[in-house]
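So the chains spell out like this:
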Amino acid sequence: MLTVYNSKDMCCGCTACETVCPKNAITMQKIGRGGDKYPVIDQNICVDCGLCRKTCRWVNPKSSTSEIKRFFALKVKDVDVLNKSQSGGAFTVFSDAILKNNGVVYGAYLDKENDFTVYHKRADNFEERNLLRGSKYVQSDIRQTFRQVAEDLNSGKKVLFSGTPCQSDGLLSYIEAKHISAENLYTMDLICHGVPSPDVFN
Ligand code: SF4
């Protein structure tokens, strides 16, 4: 049976494979204990094109670079912003810049009104962006975010995507697979310790 990943510990659930599949043959499903979702291929629909495995950064890791990057540290001076942030307010600073340039922002949203799920949401104004601030401590449900990002990039918008490192990497891989320019795409992630079980979080 064809699978995207070689073993469950070689899948981060980024959804790049699900989104890139031209036949919509992949769905993310809870497998085993913990509530983590993994891609499952409907063998009746799959045409064995191999695009899902080609896009997977675990199956096809990008070679690392020895290029030395420049690093900056920041902490905003605005106490109100600082009090609404968990990491010095970096997300607010960068998303402010994107929104002021008529761009859009994607980030994890904690739905406290309903079932306490965490999912990725699009914001094109400051009010909606404010809902994305603060750490969530669990990996979000990406839903249709990668496709929405692709649409925004194709329409010439600047996009800031904030998520876990594997989600950012999955998005970049998806954008590359779709031959979309990433020139207007900015990704923001965190130093990740690994995500906890969604079932425990629930
Ligand atoms: Fe979809 Fe192609 Fe992967 Fe089959 S091999 S699941 S058709 S991307």
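Draft legend 1. Spotlight on the site of the ligand. Inspection of the region around the ligand gives Cys21, Pro22, Ile26, Ile41, Cys46, Val47, Asp48, Cys49, Gly50, Leu51 and Cys52 as its neighbouring residues. When its residues are assigned to classes, the shell around the ligand shows nine nonpolar, one polar and one charged.

Draft legend 2. Expanded view of a nonpolar patch on the surface. Together, Leu74, Val93 and Phe94 make up a nonpolar patch on the protein surface, roughly 230 Å² of accessible area in all. Considering the arrangement of structural elements, one finds Leu74 in the loop between helix 2 (51-55) and helix 3 (79-83). The partly exposed category is assigned to Leu74, whose relative accessible area is 40%.

Draft legend 3. Geometry of the environment of Ser85. Among the secondary structure elements, Ser85 is positioned in the loop between helix 3 and helix 4 (90-100). You can call Ser85 buried: its relative accessible area is 15%. Taking the C-alpha atoms as reference points, Ser85 and Ser95, separated by 10 residues in sequence, lie 13 Å from one another. At 2.6 Å, the side chain of Ser85 and the backbone oxygen of Val81 are in polar contact.

Draft legend 4. Structural context of the sheet that holds strand 3 (residues 104-110). Ordered in space as 4-3-5-6, the four strands form an open sheet in which the pairing is mixed. The sheet is open, and its two edges are formed by strand 4 (118-123) and strand 6 (185-188), each paired on a single side. Pairwise comparison of adjacent strand axes, ignoring direction, gives a mean angle of 25 degrees for this sheet.

Draft legend 5. Structural detail: the nonpolar core. By size, the foremost hydrophobic cluster in this structure holds 18 residues, and its most contacted members are Val149, Ile175 and Leu185. Listing elements by their share of this core, those giving two or more residues are helix 1 (16-20), strand 3, helix 6 (145-154), strand 5 (159-162) and helix 7 (165-177). It is helix 6 that provides the largest number of residues to this core, a total of four residues. If near-sequence neighbours (up to four positions away) are discounted, Ile175 is found in contact with Val149, Ala150, Leu153, Ile180, Ser181, Ala182 and Leu185. Of all hydrophobic cores here, the second largest spans 11 residues; its members include Ala90, Ile98, Tyr109 and Leu132.

Draft legend 6. Molecular detail of the pattern of salt bridges. Throughout the structure, instances matching the rule amount to 11 salt bridges. In this structure, the salt-bridge partner of Arg129 is Asp96, at a minimum N-O distance of 2.8 Å. Of this pair, Arg129 sits in helix 5 (residues 126-130) while Asp96 sits in helix 4, placing them 33 residues apart in sequence. If you follow the salt bridges from partner to partner, you end up with Arg57, Lys62, Asp169 and Glu176 in one network.

Draft legend 7. Spatial organisation of the packing of helix 6 against helix 7. Interhelical geometry of helix 6 versus helix 7 gives an angle of 55 degrees and a closest axis separation of 10 Å. The angle between helix 6 and helix 7 places the two elements in the oblique class. Between helix 6 and helix 7 the crossing geometry is right-handed. Contacts between helix 6 and helix 7 involve Phe146, Arg147, Val149, Ala150 and Leu153 from the former and Gln167, Gly170, Leu171, Tyr174 and Ile175 from the latter. Among the residues forming the contact of helix 6 with helix 7, the class breakdown is seven nonpolar, two polar and one charged.

Draft legend 8. Quick peek at the side chain of Thr92. With respect to the helices and strands, Thr92 occurs in helix 4. Judged by its relative accessible area of 4%, Thr92 falls in the buried class. Side chain to side chain, Thr92 and Arg133 meet in a polar contact 3.4 Å long.

Draft legend 9. Representation of the packing of aromatic side chains. A full pass over the atoms with the stated rule returns four aromatic pairs. Their ring planes at 55 degrees and their centres at 5.7 Å tell us that Tyr5 and Tyr38 sit as a pair that is tilted. Of this pair, Tyr5 sits in the segment before helix 1 while Tyr38 sits in strand 2 (residues 37-41); the two residues are 33 residues apart in sequence, bridging distant segments of the chain. For Tyr5, a relative accessible area of 12% corresponds to the buried category. Owing to a relative accessible area of 11%, Tyr38 belongs among the buried residues under this scheme. A network of ring pairs unites the aromatic residues Phe146, Phe161 and Tyr174 as a single cluster. Against the face of Tyr109 rests Lys121, its NZ or CZ located 5.0 Å from the ring centre. A cation sits over an aromatic face here: Arg143 above Tyr119, 4.0 Å from the ring centre.

The rules we used
- Residues numbered from 1 in each chain as written.
- Predicted model: local features only at pLDDT ≥ 70, side-chain atom pairs only at ≥ 80, totals over all residues.
- Heavy atoms only, no water.
- Near = heavy atom within 4 Å.
- Nonpolar A, V, L, I, M, F, W, Y, C, P; charged D, E, K, R; others polar.
- Patch = residues over 30% accessible without salt bridge, like charges linked within 9 Å, V, L, I, M, F, W, Y side chains within 5 Å.
- Areas by Shrake-Rupley, 256 points an atom, 1.4 Å probe, with all protein chains shown as cover.
- Salt bridge = Lys/Arg side-chain N within 4 Å of Asp/Glu carboxyl O.
- Helix = DSSP H or I, 4+ residues; strand = E, 2+ residues; numbered from the N terminus.
- Buried < 20%, exposed > 50% of the residue type's maximum accessible area, 1.4 Å probe, protein only.
- Polar contact = N/O pair within 3.5 Å; in protein donor to acceptor, adjacent residues only side chain to side chain.
- Pairing = 2+ DSSP bridges.
- Axes fitted to C-alpha atoms, helices over the stretch in contact; angles between N-to-C directions.
- Core = buried A, V, L, I, M, F, W, Y, C linked by side-chain atoms within 4.5 Å.
- Contact = heavy atoms within 4.5 Å.
- Parallel < 35°, antiparallel > 145°, perpendicular 65-115°, else oblique.
- Left-handed = near helix turned anticlockwise from the far one by under 90°.
- Phe/Tyr/Trp six-rings, centres within 6.5 Å; stacked < 30°, edge-to-face > 60°.
- Lys NZ or Arg CZ within 6 Å of the ring centre and 35° of its normal.

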